[in-house]
Each structure stands twice: as C-alpha cells, then as structure tokens.
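Residue strings, one per chain:
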Amino acid sequence: MKHPQLLFKNRIPGETVFFDGYRKSGGYEGLEKTIKSMSPAEVTELVKASGLCGRGGAGFPTGTKWSFFPSDQPGPKYLVCNCDEMEPGTYKDGVLLRTDPHQLIEGMIITAYALQTPEAYVFIRYAYEDCAQNLERAVAEAKEAGYLGKDILGSGFSCEIHVHRSAGRYICGEETALLSGLEGRRPNPRLKPPFPAVRGLFDRPTTVNNVETLANIQHIVTGGADWFKSLALTEEGAGTKLFGLSGHLEKTECFELPLGVTLDEIVNEHGGGVRGGKKFKACLPGGASTPYLAANHLDVPLDFTAITRAGSRLGTAGVTVFDEETCMVAVTLNLIRFFARESCGWCTPCRDGLPYVAWLLEQFEQGEATEEHLENLRGQFRNIAGRSFCALAEGAMGPVEGLFNCFEEELVDHIKKGRCPFK
Amino acid sequence: MVNLTIDGKEITVSKTATIYEAAKEAGIDIPVLCYAKKLLPYGACRVCLVEVEQMKGRLIPSCTTPVTEGMVVTTMSDEIQKVRKTVLEFLLVNHVIDCPVCDKGGECDLQDLTYEYEVVTNRFEGEKFDLPTDEVNPLIERNMNRCVLCGKCVRVCDEIVGYGSYSFINRGFETKIATAFDRGLNCEFCGQCVSMCPVGAILPRPFKFKARPWQIKEVDSVCSYCGNGCTITMGVKDNKVQTIRFNDKIGVNDGNLCIRGRFGYSYANSDDRLTTPLIKKDGELVEASWDEALEAVAEGFKKAAADKGVGIISGARLTNEELFLLKNVAKAIGTENLDHSGGECYKGVTEGLVETLGVKASTGTFPQVEDADVILSIRSDFYETHPVFGMVVNQAVKRNEAQLFIVADKKGKFGKLPNAETLLHKPALEVNVLNAMAQALIEDGSAVTDGVDGLDELKKSLADYAPEKVAAATGVPAEQIKAAAKALAGANKSAILLAYGLPYTAQSKEIAVAAANLAILSGNVDKEGSNLYLCGEKANSQGAIDLGVIPAGSGQGAQQMLDAAAAGSLSALYVVGEDMVTSYPDREKVEKALDGAGFVVAQDLFLSPTAQKADVVLPAASFAEKDGTFTNAERRIQRVHPGITSPGEAKTDYAIFELLANKLGAGLSYTGPAAVFAALANEVDAYKGVEFNAIGAQGVVWGGEELKAATKKVVPVKGAAAVDGKFVLLTGSALYHSGTVSTHAKGPVAVVPEAYVEFGSEDATVLQVADGDMIKIKANGAEVQLKAKVDKRLPQGVVFAPYHFAEAGLNKLYKGEAAIAVEVSK
Amino acid sequence: MIKEFIQGLLITLKYLGPGHTTTVQYPRKGHRLQPSDRFRGLHRLVPDHDREKCVACYLCPTVCPAKCITVESAENEKGEKYPKVYKIDLLRCIFCGYCVEACPVEAIEMTGDYELANYHRDDFTFDKKRLVR
C-alpha cells in the first residue's frame, strides 16, 4: 500500500483479528497510557488538537463534541457507539468490525474514560450479526484481560460495554432516533435542544459517536495529535478515512486512504477504473444522501471542507460510481424510493413530500413529465430540504440537489424525448 | 424575561416561552396543527415555520424553538406562505375530503387552514387512504383516513392521562396511529384524544351526526360528578345537552376530563327522568299535580313533626343555594335532623381535621400539587374517585419528577408511574401504616414538634406502631415505611391526598386524623406549598360541609335517623337527591327505615329504589338545568349555569324548596340564586365577602390559595386489626362511575354496564375464574351474585366490587366495614 | 327615411298578427310552459341509487336567508349520514337559490315547476317524500 494504514494495519482478508493478534500489534497500549498518565480532560484536549472529525456522516469535530459533555456531572452518563450502518453504499463499519473489533473496544474505553461514562452501548445493525458476535467476543476478552469492567487497570475507573442489536431501520442511524430505539421506544428523532449531551439516553447526558471515529481514538493517543493531523494530504483534513467503493468499478472494496486523496486516485487507481473500460459519469461521494460529483470533479481532494466547496459532502465516504450508460434520473428515483420508505413518518414534508418527489421522478422515467413537473421538482427540493424535523429528508434531497447541479439537461432530455434516453 | 421582536412588534416574554407562545401573547397568529398548550413541544406538522433573522437560510419551527434575547422573527413572507401551503397540500394528498359528513366540519383546523391558505387544487396526485374505521366501542370513533398524524392523541394519552393506548405504527407514507396490535380501542374512554384531535379523525360517537358546531350553544358549567369541580362546556341544541365541548381556557382542569365528565352528561337527557310528581295511592305511585303533591308533603311533615319528628337526608350534588334553602325548609318543619351523604364518610373533615388542624377543608389548591416534590396518596382509588386530580398527580410525577408514595390495599394506576412506590398493606390497615410513618419520624428525630400540641399522648400511643411491628401486621416492609416517611419530611413541598365518600365510611375520621398527624409531624402543615387534601366524592361535598348540612345541636345524623325510623321512633323521612337503598351501607337497615317511617318523601331525577318506597315523589332537576354554585374539594366556589330546561313538570330543587317552604308557611322569597347566595354568605363565615355575580370563570377559593391551620394538635388514633378470612371484599368506586347517577348515563353504562367482582390474577387461577363467570359472594348472612372480572391489581385473597349498581345489591353484604370477610364460590 | 320608418313599423305590425305573439292564455291554454333553464322554481332533492344524494351537511339551512329549510341528520344502517328529516317551507322560501349554490354534493337543485299555489298552509311544507323526485 502506498498510504499508511491505521485502522486496517491488521487487516487479513477473510479473517478477524482478536485479542492476541491485536495485542501483538500494540493494542491496548493506548488505553494503558491514557489511564496511567492522562486526565480525562487531557484526552479531550488531545482529540480536539488532532482535528478528528466525526466519521458517521456529519463530520463534526469530535473533540469539540466531547467538550460539550458534562463529564463531571454526577449520576449516570452514557457513551453510545452508532453502528447502525444502513445507508446505501456504506459498509466501512462492517468491514472494520470484521477485521479488527478490538480497535473499537479500546477506543470506546478511552472515550468512556475521557467522558467519565460508566456505561457504554454499541447500537449495531441487525444485519451485522457476525460483527455483533465479534464484538461480544472482544468485550469478553477485554474484560478477562482487565481492560474492561470494574476498576480498569487499578485506576478506579469502571466501564461496561453492552452490545445492543437494533431492530433495524435507516432512521435508527439518526443519533436521537437511535437513543429512542435504544430505550425501547419507536425510533423517532427527538427535539434538539436539549441535545443528547444534556438529555440523551434515558434522559441522561449521552455522547453518540460513529464506529470509525471511536476506532481512531487509540491511534491518536498513541501517535499524538500532530502525527494524526499530518496523515491527511490537505491542510484542513486530519487522519485517514475508510473509503467503501461500490458501483461500476473494477474493484469494489474498502480502502483506508488519507483524507484529501483525489477522487481520480480513488476511481482509477484503487478502484481499478470504471468497469468495462467505460467512462466515468458521476459518483455519490459519501453514501446515498450526498449530492453527486461529476467527471469535472475528479480532481477534487476528498476531505470534509474541500468537497463542500465542490457542492457535495464527504458523508460516510461510501463512494458509489456510475458509468456513462447510467440514467441519473433513475438512480435518483431509486434512492428517493429508499428514503421515502425509510422515513419515520413523523413530520409532514418527509412523510408526504418524499413519496411525491418519487412520483415526480417516476413521471420522468415513464416519459410523461412536462415542464410543470420539472418546476414542481425544483420547488419540492426547496420545500423539503431544511423544512423537516431531522436530517433524513435533507439527506434525501442530496441526490436531487446533485441532479439539478450536474444533470439538469438530462431531466430536460427526458421531457423532450418523452422517454428515458438510456432505455 | 427575554426581549424579542416579532413582526416589528417588540415584546417581552418569559425565557421558557417558545416563539409561538411569544407571538400568541403579542396577538400574532401563527398556524399550528400539532402544538397543544398542555403537551410537550413536538414540531412534526411544520405549518408553524417562521423566519428568524439570526438563523437565516432556514425556516424555524416556532412551536419548538425557545425565544432568545434580541431575536427578530418574521411570521409571514412569500416563502413562508409557500411552504405552509405546500405542507397543507401534502397533508391533503391522502386526506379524504368528506367535510360534508365529518362532524368536525366547521371547527376543523385543517379545514380552516385550507381556506386561509387558499389550497383550492392539489398538484399532488396520490391515493386516498381507505382504512377501516374503529367503531367497536360506543364512545370514541376513530377514522384514520382523516388523520394528519399530529400525534396529539398519542401524547395526551401518554403524557396527561398516563394510559398510553395509542402509538404510531408503520413507516413513511403508511404511518398511522393505532392501538396495540391495531385492534379496536379499549381504554378508560376519558375522551382526551377526542378533545385534542385537530381534525375529524377521533370523534365522540354519541354525538355522531347530531349537529354542526355552529348550531350549538355553549354553556359553561361545572361537572356534577366528583369533587374535582371540572369545568365542562355543554353543547346545547334543541333543549338537550348534545355533547361536552373542549374548553381549556377556564376552570381548574385545563380542559382535561374523565369519562364521566365527557360522556356522562346524558343522564340529563334520559327518557327515564321523572316528569311529574307522584303520590302513593293504594300502594301505587300515581301521577299528581305539583299542588297536590306539595300539599301532601306539607301536610305529612306537619303531622310527623307534631308526632315523633322528621328526618332530612340530602345528597351532596345540590348547589350551595339549594342546600341553604333546605336548611330553611328544615327550620320551617321544625326539625334539627339534617344530614347528607350517609352521615359517616365526611367525618374525616368535620371531625378529624377540625380536631387536629382546626379547619374544615383541604388546605391547598390543585395546581400546588403539580409543584410538589413528594406526594403521599392514601388509597389507590384516588385515581378512580377523582380521575382528573389523578392527571394532576401524573403531571407532578412525570413532568416535575415528584416522588409518589401510595398507601393502598390494592395496586392501581398511580403505582405504575415512574418514581411511584406502593405501600401495599392488608385491607383496612391504612391507619396502622400512617401511624407507623409518624412513629418513624419521631424515632429518627426528624419530626416537627415545635408548637405541636398533644405530642406526649401521641408518642405514647405510637409506641405500638413501630415500623417493624406494623410491617409484620400489614405486610408493608419497615424500610419502605421509613423511607416514605423520610422522603415526606424531607420534601420542600409535599402533598398528602385522601379521598372520602360513601363506599369508604369505615374509619373515615381515624384515617384523616392519622393523615393530619403525619402532616403536622412531617412539616407539611408549616411549609408553604405543602398541603393536605381531603377530597369529597360528590360535586358539592365541600359545600354541604361549609353550609353545615350536618346534624347540629340535638339533631340526629343520617345513620341515627335510619335507626330511629327503623325502630319506629321517627315519623317521616325527606330524602333529597340520594338513592339510599342502593348506595348506603346496609341495605336491610335502609329498607327497614323507609318502611318504618310513616311518611317518606323522595326528591330525585329518577324513580330510584328509594323513590319507589316513598309516599310522595318529587321530580327534580339535573345540574344542567340549575343556576347556582358548587364548592369543590379545593374550596373553590364555582358557578353552575343552566343549559337546558327541565323535562315535563320537573323542577329544580331550588324551586321545590321554595314552594315547599311557602306551603309550610315559612314565607321564603328570594329573587334568585344571587339573593340566596348573599343570604348564605352572611351566615357562613368562609363565604363572607364573596359576591355571586362576581364569581368568575376561575371561581373563588374561600380562605385563599392556602388555608392556614388554626391549630396544630396531634391526636392519638388507633389502627385496626386485619380482617380474617380467606377472601376479603373491598368496596369502592369504579373509574367509570360516580355515585348512582352515572348508572343512568349512557356513556359510562356503555363501558361498565353492570356490577362486577374483581379478582387478582393469582386468585383467579386458583379458583379457575374467568371474565364473565357468575360468582356467589356470601357474608353477613346475605349472598349476592356478581360477574367476575380478572385483573392484575389485587393482591391474593382480596376481591373488589364497585358500589354504584342498584340491581347488584352489594350493600346487602356491606354494612359500613372497611373490608368484609367473604366466602366466594362459583 | 320614410322608407325605413315604414319598414320598422311593418315588423311591429307583423308581430301583432297571429303566430307571432308570445303572450300565452294561461291557464286556459299552454300550462305546460317551459321556462328557461336558469329559472328557479320548486326544489328537488336529487336521488342517488337507493337514497337521496343529500348527506345532511346542514349547509343549506345555514346559508338560507329565509330560514325555510329544516334538516335533521341521522346515521343509516350503513353508517352513512343522511337527512332523516328534510323540509322546505315554501311560504318562507324566497327562491334565491343559495341552497343550490351551497350544496357540496349537488344534491339539491331548482326545477322549472312554477305552479305552486295551494289551498292549505300545510301543503306548502315540502318534505323529503315530495322533494325527492
């Protein structure tokens, strides 16, 4: 590999590394160092300095999020790991947990120490049963080794990790909906404020972090903030990122690459180029809820800030590539149908608006669309995004936004020809 | 306080307000569908979006966003208009447009907004829902095709009522509101969901197709059932109470009602109402004119007064004015034998509280309970006797995290609340547990003793009630007793609640004294915001006590009158608004008394079993026909307004008393209820200075928000011994009924049509009893048959039966004991 | 000029002759007069399969300026809303047609019937039986 590997340094395709292997590669040294020589506040400061941004999609600076957490408040507090990876085109967390589950456990213990939360939950997608079993084994092993449970390494700090299998639904990935689900309620998103850091799980202070975010923590602790920041290829970025490649590529795998790597490098070098030697048309750079990047964006470095300037979001970095023979209207319709089905049904724009957008796109695909439908679609995009209760509808409008940004002429083409030009 | 600008208007509001509330205060209207004043913020419908200058670029939901200093809000712009219109179009995609047949038409929020935003066509094509309607139950009809998924019904049922019969099911476009397993509704039928629904998805079934909202005249009055004194707004058309309308603007209940208040109005419209006076001739009651009847009554009373005397027993659902006139009638007859409500159950107030605290009423008002941090509820039935007060406790526990302790002989809804602990004792041992709590306070030295009289005697008598000892006798763990006592003493604001009423005649004074002792020792009496509540069963129980409709001087009480009449030493009985045969303890005695008294006059709405035994029956009027005042359990004097006129020749008790007094030659002549109230205010100290016509929508609380205890005297009180027997029967009130009147109201009867005996599930398994089995219950030499009902709230060896039903004859067994040892067989 | 004058007068004279008059010898002849489509005569409740189309929404009695319409709604066996009572007091009716305009389901219309005289007051009350045609 031409780039340094952190999360995948123990990766052996088809195998899972457990305690012995993990320990051999320097595992749990970060935890020992933290617990023996650092105060909780120092860990938070270190993570803040490292510039680590949340890997779950929103890209919010992790250290800043932690600094809102009232770690000195008495009473129960919770750390929750979000492993409800249900976004189409995103599968990095699954790969990580099948490769090296102890990284997550160690990261969580360090985080729990930094936030002083005695209880931690892993909320895991029901389809990731194998990962859940890996985690349970890892938890048991860590406990046996004294890294987890009561009085960790004699420090007086105790932490329990529970693995909770979700009943599954895309909305469970929204942090407040996840908390509702974890409480045993219908996973509806909750009102913010109060933010989870104030009233989260069981109405107690809670921090929710993604699997990959937490797995990075121990590397930051062992390697230091400056080293971690220097891993990225751009100024603004920090660390590496798991890119899950899918779509019309020769190689659809998950790679660990530094932040700031260009789209061109991902597609043509790591992805082995577009399948069948066809031309690159577009891609979803970060899962189903991000606006498309087109061929003119191939030189965009993929980090959180640079990609925003190009009109999209890095999201979960699940890169889905489409070749030149793909109808982008059909792709969008497919995605919208997913979002419409997965809406929790709480707020009006999302519940009733998304099916309507799907209906409009169907009109295009069936060749029955008119100018009026085009204007309606544009209008709906404005009526739904930013008007809904949570980010689901906003994310659902990502592909529609991309459609208007990069492929409006394709929509017009559908109207002019009275059919889908790709069929 | 926070300053902000809304639509160019500068306003100052409290910092907990949302933008919507701030705008409302400033008189600016923002449309809402899912917002409700009493529910937590929700933010799902998205029609209340506004622009905030500090948060440019997106629209802000005004109903969930708290105000911040210097906020500049715009509530209307082209973009907002467009977004709101779109949301309405979305809602109308699958909403059936059946406004012509929808009873909500005319007062539907969605209809109004559709007009306001001129949604005349819909760009969106979608399928209309065709879901089946829920018409299984007789009271609440649900048509989910009309639902806008605002979630108000789900939330009110969960947050306020604490029942939780609704939830959202399915996802996305198919989301709908359903009950568990999507079956028909089977709940408490309080109808809160009906009142909250902004559209026609949940409607009152008894009102189905009866009238349009604009045809209905609204009359605010006070519910005549329990002592909570909820404001109910009658919807009147064609001289009938057609429905009870939602009204959260006035009254003590914040728009909350229970099944009786919401659906129990129909007894006023009942066809069984008496419409003419009846006189017994040759053993048959035959119709007579008012003149004849009153002549007969006056003659009869005059004769009886000259003989062995007349006894007057009244109900507590008469207005204050009527009770005052009744006292005058008693004077005119020349008798001091005057009493109400069986004469025993209210003694906790008239004797218990008077001896200890020197007051004759609850010391606080309901809103103070909401702010309490520790609540002690005595008897789990509290929720069933005063359901809307139960909702207040709910709020205190769920919203304000109050700690709730329940001293009870059965589990109840209160016990299911978070932070609630039930001190489940063996039947009839309330006093023992309360004494043990007092003893626990004395033992650990946390009892308040400054300025308390009678401490030494109390200490002596409490020596027998060490928590450990009581624990053995009652089955309540000593730690639990101690913890509850400690929490109560440590509370900043506490509330002690006790309900009284006809089915709880035993030990009424003792329990109140024990509760008052505890209130004094725990500091409840001294602390501001901490109060002791004794809540009467009937709408005007407190008024009857205030006005002194209790035996005075040499007068006999109700039970003594009955004894005397049965023994033939009382010549006449005048029974006003009470069905003694059904509701008083010991039916045999009551029947003997009615037979033994030479002359019986019954004044009632219905030809009750008591009236059937009368010599003269006078048809009276329901609360819906009366003008006057009720005093509720928190001493609030509230106005009752007439909505309809009485059927046939029936007259209000007011009119009857006036006519009768004149026949008796007393020459009563008042110009109306206002004049009577002025006269009674002159006589009753607490009511001095209250002006009838000045009693506003919120009523007047006599004695102020907090009634100061005149004395602080603890009084030793003895506990009871546990009742021996394999099965012990408890009587009491069922949530759906109140007294005997509700058994004539279609709503409550539709849900609980007849008496039943309730078994705990363990006993039911052992006895192999299932719902609906006929069960024989034997005790006190009598036997009754009741249908079985199996539930989970009764401990082993305890059965429960409600007392409301005439046919059941429960009072053949029940002679006023706190618990009755019974034999149970199939 | 005189020519035109005579021409005009001839037309006038022609219409005085037989076959051109619009005056009808009512009621001796032509009592089957067909008024215009927009004429507002006696009301009619439109039938719909086995019942009247009316759903008893109370909009017509609400809008009626003469307050001549009486409706009482009820629920039929199928659970539908229908007018148990529907009465129009023609002595009060001013034939304004607002009821037709207000009806959301086009259940009421006004026919061309204009012969509405009667001998008894009661006969001017048109109930459902007489209105559904």
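Okay, so let's go over this structure. (Residues numbered from 1 in each chain as written. Chains lettered and ligands numbered in written order. Predicted model: local features only at pLDDT ≥ 70, side-chain atom pairs only at ≥ 80, totals over all residues. Heavy atoms only, no water.)

### Structural notes on the overall build of chain B
Summing up its helical and strand segments, chain B has 26 helices and 33 strands in all. For chain B, the C-alpha radius of gyration of 28 Å lies close to 28 Å, the compact-globule estimate for 826 residues. Every one of the 826 residues in chain B was classed for burial, and the buried ones make up 64%. A separation of at least 24 residues holds for 74% of the contacts in chain B among residues at least 6 apart in sequence. Total accessible area computed for chain B in this model is approximately 29300 Å², and 48% of it derives from carbon and sulfur atoms. Separation between the mean location of the 86 positive side-chain charges and that of the 106 negative ones in chain B comes to 2 Å. (Helix = DSSP H or I, 4+ residues; strand = E, 2+ residues; numbered from the N terminus. Rg over C-alpha atoms; globule rule 2.2 N^0.38 Å. Buried < 20%, exposed > 50% of the residue type's maximum accessible area, 1.4 Å probe, protein only. Contact = heavy atoms within 4.5 Å. Areas by Shrake-Rupley, 256 points an atom, 1.4 Å probe, with all protein chains shown as cover. Lys, Arg positive; Asp, Glu negative; His and termini not counted. Charge placed at Lys NZ, Arg CZ, Asp CG, Glu CD.)

### A closer look at the overall build of chain A
Helices and strands together make up the secondary structure of chain A, namely 17 helices and 11 strands. Expected size for 423 residues packed as a compact globule is a radius of gyration near 22 Å; at 22 Å, chain A falls within 12% of this value. Seen through its principal axes, chain A has C-alpha atoms that stretch 75 × 45 × 35 Å. In chain A, once contacts between residues fewer than 6 apart in sequence are set aside, the share between residues at least 24 apart is 71%.

### Observations regarding the interface of chain C and chain B
The interface of chain C with chain B comprises 12 residues on the first partner and 11 residues on the second. Both faces considered, chain C and chain B share a buried interface measuring about 920 Å² in area, 58% of it formed by carbon and sulfur atoms. The largest per-residue losses of area from chain C upon contact with chain B belong to C:Tyr58, C:Glu75 and C:Lys81, which jointly make up 54% of the total buried on that side. On inspection of chain C and its partner chain B, the count reaches one salt bridge. A salt bridge links B:Lys208 to C:Glu75, with the shortest nitrogen-to-oxygen separation between them at 2.9 Å. Joining chain C to chain B, the criterion identifies four residue pairs in polar contact (both at pLDDT 80 or more). Of all the secondary-structure elements, those providing two or more residues to the side of chain C that touches chain B are helix H2 (59-63) and strand E4 (69-75) of chain C. It is E4(C) that provides the largest number of residues to the side of chain C that touches chain B, a total of three residues. Residue classes in the side of chain C that touches chain B are distributed as six nonpolar, three polar and three charged. (Buried area = accessible area lost by both parts, 1.4 Å probe. Salt bridge = Lys/Arg side-chain N within 4 Å of Asp/Glu carboxyl O. Polar contact = N/O pair within 3.5 Å; in protein donor to acceptor, adjacent residues only side chain to side chain. Nonpolar A, V, L, I, M, F, W, Y, C, P; charged D, E, K, R; others polar.)

### Brief notes about the packing of helix H5 (residues 92-99) of chain A against helix H6 (residues 101-115) of chain A
Residues and elements named next belong to chain A. With their axes 5 Å apart at the nearest point, H5 and H6 run at an angle of 100 degrees to one another. With respect to their mutual orientation, H5 and H6 come out roughly perpendicular. Mapping the contact onto sequence places Leu96, Leu97 and Thr99 in H5 and Pro101, Gln103 and Leu104 in H6. Split by residue class, the contact of H5 with H6 holds four nonpolar, two polar and no charged. (Axes fitted to C-alpha atoms, helices over the stretch in contact; angles between N-to-C directions. Parallel < 35°, antiparallel > 145°, perpendicular 65-115°, else oblique.)

### A short note on the sheet that holds strand E10 (residues 217-222) of chain B
Residue and element names in this part refer to chain B. Read from one edge to the other, the open sheet built from three strands follows the order E10-E11-E12, with strand pairing classed as antiparallel. A single partner strand is all that each edge strand has here, and the edge strands are E10 and strand E12 (240-245). Sheet twist, expressed as the mean angle between neighbouring strand axes with direction ignored, is 40 degrees. The pairing of strand E11 (residues 231-237) with E12 spans five bridges and is classified as antiparallel. The residue bridging glycine 235 from the neighbouring strand is threonine 243, located in E12. (Pairing = 2+ DSSP bridges.)

### What to know about the environment of B:Arg183
Residues and elements named next belong to chain B. Mapped onto the elements, arginine 183 comes out in the loop between strand E8 (176-178) and helix H5 (192-196). Residue arginine 183 is classed as exposed on the basis of its relative accessible area, which comes to 54%. For the pair arginine 183 and glycine 555, spaced 372 residues apart in the sequence, the C-alpha separation amounts to 57 Å.

### Section: the interface of chain A and chain B
Taken together, the contact pairs 27 residues of chain A with 29 residues of chain B. Counting the contacts that link chain A with chain B gives two salt bridges. A salt bridge links B:Arg171 to A:Glu342, with the nearest nitrogen and oxygen atoms 3.0 Å apart. Applying the counting criterion to the chain A and chain B interface returns 11 residue pairs in polar contact (both at pLDDT 80 or more). For the side of chain A that touches chain B, the secondary-structure elements that each account for two or more residues are helix H13 (328-342), helix H14 (348-365) and helix H15 (371-384) of chain A. Class assignment of the residues belonging to the side of chain A that touches chain B gives a composition of 11 nonpolar, nine polar and seven charged.

### Looking at the sheet that holds strand E30 (residues 774-779) of chain B
Residue and element names in this part refer to chain B. Reading around the circumference, E28-E32-E29-E31-E30-E33 is the order of the six strands in this closed barrel, with mixed pairing throughout. For this sheet, the mean angle separating the axes of adjacent strands, direction not counted, is 45 degrees. Bridge analysis of E30 against strand E31 (residues 782-791) gives six bridges, and the strand direction is antiparallel. Note on E31: the bridge partner recorded for isoleucine 775 is leucine 786.

### Focus: unusual backbone geometry
Residue and element names in this part refer to chain A. A cis amide bond links lysine 192 with the next residue in sequence, proline 193, at an omega value of -10 degrees. Along the chain, proline 193 falls in the loop between helix H8 (175-182) and strand E4 (206-210). With an omega dihedral of 5 degrees, the bond running from proline 193 to proline 194 counts as a cis peptide bond. In this fold, proline 194 is placed in the loop between H8 and E4. Non-glycine residue glutamine 116 carries a positive phi angle of around 60 degrees.

### A word on the packing of aromatic side chains
Within this structure, the stated rule accounts for 32 aromatic pairs over all chains. Here B:Phe301 and B:Tyr574 contribute two aromatic rings whose centre-to-centre distance is 5.2 Å and whose plane-to-plane angle is 55 degrees, an arrangement assigned as tilted. One end of the pair, B:Phe301, is in helix H7 (residues 290-306); the other, B:Tyr574, is in strand E22 (residues 572-576), and 273 residues separate them in sequence. With relative accessibility at 0%, the residue B:Phe301 sits in the buried group. For B:Tyr574, a relative accessible area of 0% corresponds to the buried category. Chaining the aromatic ring pairs together yields one cluster made of A:Phe19, A:Tyr22, A:Tyr28 and A:Tyr147. Its end group placed over the ring of A:Tyr128, A:Arg98 keeps NZ or CZ at 5.2 Å from the ring centre. (Phe/Tyr/Trp six-rings, centres within 6.5 Å; stacked < 30°, edge-to-face > 60°. Lys NZ or Arg CZ within 6 Å of the ring centre and 35° of its normal.)

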